[in-house]
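# Close look at the chain arrangement
Below, each chain spelled out in residue letters.
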Amino acid sequence: MDNFAEQLVKRNETSSDKTRKNALLIVGILLTAALAAFALLQLGAPLRAFVGLILAAASGYGTFFMYRNAYVEYEYAFTNGELDIDKITAKTKRTSMVSTEVKNFTAFGKYDENMKETEDMTLILASDNIASSEYYADFTHAEHGNTRLVFSPDERMLDNIQKFLPAKLRH
């Protein structure tokens, strides 16, 4: 029987994320409006007016694109001891973050913000930003070297992970 679990986790925005996102939107709108106004004032010089409109359109699109990409989700897929984590941006773009075998974990448990990472450690954050639900897993990865994964598995995902953990890490 296959052990399979899949989970989608939405990253909760912190207040600084919301502030940054709103500032980006305001600056983007103001820049787009200023470039459009510049283009309209240059109607006597068609080339400058055209360049101004192109820049205004690019600014508007860039603002929209960056604002939309602030929405992030993570997908955890667990299949027979292998944990795959993907980052989904704006509900359209999927990027593989890490794939590892649970049997290779050297440490696993509840994550505490006071935990120290070593200088040679790669930190992969794929959590919902709610400290009470965060877990960590330390392992060696072929591409990332010493790695710490911080993620937010639900009960079903935790049950599947527990089955494949090395004996010394099982609770």
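Look above for the structure.
I will try to describe carefully the structure that is included in this document. All residue numbers refer to positions counted from 1 along the written sequence of the respective chain. For a predicted model such as this one, the threshold for reporting local features is a pLDDT of at least 70, and the threshold for listing and counting side-chain atom pairs is 80 or more; totals across whole chains, interfaces and linings nevertheless cover every residue. Calculated side-chain values reflect all of the structure's heavy atoms, with hydrogen atoms and water omitted.

## Quick word on the sheet that holds strand 1 (residues 4–10)
An order of 1-2-3-4 is seen for the four strands of this open sheet, with the pairing classed as antiparallel. At either margin of the open sheet sits one strand with a lone partner, and together these are strand 1 and strand 4 (93–101). With direction set aside, neighbouring strand axes in the sheet form an average angle of 15°. DSSP bridges decide pairing: two strands pair if at least two such bridges lie between them. Numbering goes from the N terminus for both helices and strands, where a helix is a DSSP run of H or I of at least four residues and a strand is a run of E of at least two. Strand direction decides the pairing type here: strand 2 (residues 72–79) and strand 3 (residues 82–89), joined by eight bridges, are antiparallel. Across the sheet, the residue bridging to Y76 is I85, located in strand 3. In what follows, a contact means two residues having at least one pair of non-hydrogen atoms within 4.5 Å. Working convention: axes come from line fits to C-alpha atoms, limited for helices to the stretch in contact. Angles between N-to-C directions cover 0 to 180 degrees. Strands strand 1, strand 2 and strand 3 of the sheet are contacted by helix 3 (residues 155–164), whose axis makes an angle of about 130° with strand 1.

## A word on the nonpolar core
Nonpolar cores were defined as sets of buried Ala, Val, Leu, Ile, Met, Phe, Trp, Tyr and Cys residues, with membership established by side-chain atoms within 4.5 Å. Note on exposure labels: buried denotes an accessible area under 20% of the residue type's maximum, exposed denotes more than 50%, and partly exposed covers the range between, all computed with a 1.4 Å probe on protein chains only. Grouped together as the largest cluster of nonpolar side chains are 24 residues, with contacts concentrated most on Y76, L83, F105, F108, L149, F151 and I161. Looking at this core, the elements that each hand over two or more residues are strand 1, strand 2, strand 3, strand 6 (122–126), strand 7 (135–141), strand 8 (145–151) and helix 3. Top contributing element to this core by residue count: strand 2, with four residues.

## Observations regarding the pairing of strand 2
Residues in a regular strand point their side chains to alternate faces of the sheet. The buried fraction of strand 2 is high, at seven of eight residues. Where strand 1 lies against strand 2, seven bridges are found, and the strand directions are antiparallel. The residue of strand 2 that forms the bridge with L8 is E75. Connecting strand 2 to the next strand, strand 3, in antiparallel fashion are two residues, including N80 with a positive phi near 45°.

## Brief notes about the packing of aromatic side chains
Remark: the centre distance and the inter-plane angle together describe each pair of aromatic rings, the angle taken between the planes. Aromatic rings from Phe, Tyr and Trp, taking only the six-membered ring of Trp, are treated as a pair when their centres fall within 6.5 Å; an angle between ring planes under 30 degrees marks them as stacked, one over 60 as edge-to-face, and anything in between as tilted. Tallied over the entire structure, the rule returns seven aromatic pairs. On the numbers, 6.5 Å between centres and 50° between planes, the contact of F108 with F151 is tilted. Of this pair, F108 sits in strand 5 (residues 107–110) while F151 sits in strand 8, placing them 43 residues apart in sequence. The burial state of F108 is the same as that of F151; both residues are buried. Through a chain of ring-to-ring contacts, the aromatic side chains of Y76, F105, F108, Y135, F139 and F151 assemble into a single cluster. In our convention, an over-ring charge means Lys NZ or Arg CZ found within 6 Å of a ring centre and within 35 degrees of that ring's normal. A cation over a ring is seen here: K21 above Y67, with NZ or CZ 4.8 Å from the ring centre.

Functional significance is not addressed by these values, which are geometric in nature.
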